[in-house]
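# Coordinate analysis (summary)
One letter stands for each residue in the lines below.
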Amino acid sequence: MNRNGLFLAVLAGLLLGGSLIAQNRPTPTRIGYIDAEKVVQAHKDYKKVQDLRTQAERELKPLRDQLQPLEAKLRAGNATAKEQQDYRVLAQSLQEAGRKWTERSNAVLKPITEEIDQVIARVAQQQGFAIVLDKKVAATSGLVVYAADELEITDAVVRALPK
């Protein structure tokens, strides 16, 4: 066998051997699901989100309470020009305040969800899951109509969260 033939034989052996090893490696094929809301609520920093939502509600409720009677008058068609103007100003204030609180809430939630995503990935890999779906999203979208209980990994994810 000449030198090129030997090189090709060795190369073929390495390629075939590598593909045989790759075929023996188990590929996850299971699809699991979690209750994402339950996992987020179990996170050690979720209290920060709750506190922020409480603050937001304290600020937004008075605006909503002022808007309700004006909205009722507008719907009935008997609001004065001043009431219509007051309604527009209050509605804009409520919208801006709501946007501010949403941004603040998202800023607090982002590190929580990023950490949870990492934990979900780790638990899924350990248990041989290729895909993990949010139980509520899958059900409400019609993506999943049935899933066996043993495919739920919510409790395993909650246990794996940092304390």
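Anything mentioned here points back to the structure above.
Here's a quick rundown of the structure.

About the thresholds
Here the residue numbering is sequential within each chain, running from 1 through the sequence in written order. Per-residue local features are limited, in this predicted model, to residues with pLDDT of at least 70; the limit for side-chain atom pairs, both in listing and counting, is 80 or more; totals at the level of whole chains, interfaces and linings are taken over all residues. To get the side-chain values, take all heavy atoms of the structure and skip hydrogens and water. Per the convention used, a helix needs a DSSP run of H or I reaching at least four residues, while a strand needs a run of E reaching at least two, with both numbered from the N terminus. Exposure classes here rest on a 1.4 Å probe applied to the protein chains alone. A residue is buried below 20% of its type maximum, exposed above 50%, and partly exposed in between. Any helix carries an expected span of 1.5 Å times its number of residues minus one. The quantity called bend is, for any residue, the angle between two axes fitted respectively to the seven residues ending at it and the seven beginning at it. When checking whether two residues touch, look at their non-hydrogen atoms; a contact exists if any pair is within 4.5 Å. We define a polar contact as two N or O atoms separated by no more than 3.5 Å, with the added condition that, inside protein, one atom must be a possible hydrogen donor and the other a possible acceptor, whereas residues neighbouring each other in sequence contribute only through side-chain atom pairs. In the cavity and pocket records, a cavity denotes points on a 1 Å grid over the protein atoms alone where a 1.4 Å probe fits but cannot get out, a pocket denotes an open set with protein on both sides within 12 Å along at least 5 of 7 lines, and lining residues are residues with an atom within 4 Å of a point. Grid points are joined across faces, edges and corners, and a volume is the space filled by probe spheres set on the points. Just so you know the grouping, Ala, Val, Leu, Ile, Met, Phe, Trp, Tyr, Cys and Pro go in nonpolar, Asp, Glu, Lys and Arg go in charged, and all remaining residues, Gly too, go in polar. Nonpolar cores are built from buried Ala, Val, Leu, Ile, Met, Phe, Trp, Tyr and Cys residues. Side-chain atoms within 4.5 Å join them into one set.

## Some details on the environment of E37
Tracing the backbone through its elements, the reader meets E37 in helix α2 (residues 36–42). The class of E37 is partly exposed, set by a relative accessible area of 44%. Through-space distance from the C-alpha of E37 to that of T154 is 9.8 Å; in sequence the pair is 117 residues apart.

## Things to note about helix α4 (residues 81–126)
Relative to the 68 Å expected for 46 residues at 1.5 Å per residue, α4 spans 65 Å between its end C-alpha atoms, a close match to the ideal helical length. L109 marks the point of greatest bend in α4, at about 30 degrees, and the proline P111 comes within the next four residues. Within the span of α4, buried status applies to E83, L90, A97, W101, S105, L109, I112, I116, V119, I120, V123 and A124. Where α4 is buried, its residues meet β1 (30–34), α2, α3 (46–76), β2 (129–134) and α6 (154–160). Once α4 finishes, G128 follows within two positions and takes phi at roughly 80 degrees, a positive value.

## Comments concerning α3
For α3, which comprises 31 residues, the first-to-last C-alpha distance of 42 Å matches the rise-based estimate of 45 Å (1.5 Å per residue) to within 8%. At L60, α3 is deflected by roughly 30 degrees, the largest bend along its length, and proline P62 occurs up to four residues later in sequence. Residues of α3 that are buried include every one of Y46, V49, L52, A56, L60, L63, L67 and L70, and no others. Positive backbone phi, approximately 85 degrees, marks G77, located one or two places after α3.

## With respect to the side chain of T154
Tracing the backbone shows T154 in helix α6. A distance of 2.7 Å separates a polar atom in the side chain of T154 from the backbone nitrogen of D35.

## Concerning the layout of surface pockets
Approximately 160 Å³ is the volume found for the largest pocket. Secondary structure elements with two or more residues in the lining of the largest pocket: β1 and α5 (135–141). When grouped by side-chain class, the residues that make up the lining of the largest pocket number 10 nonpolar, 1 polar and 1 charged.

## Concerning the nonpolar core
Counting residues in hydrophobic clusters, the biggest one holds 17 residues, and the most contacted among them are I34, V39, I116, V123, I153 and V157. Only α2, α3, α4 and α6 provide two or more residues apiece to this core. The element best represented in this core is α4, accounting for 7 residues. Counting 9 residues, the second-largest nonpolar core is a separate cluster that includes L52, A56, L63 and L67.

Coordinates in, geometry out; function isn't part of it.
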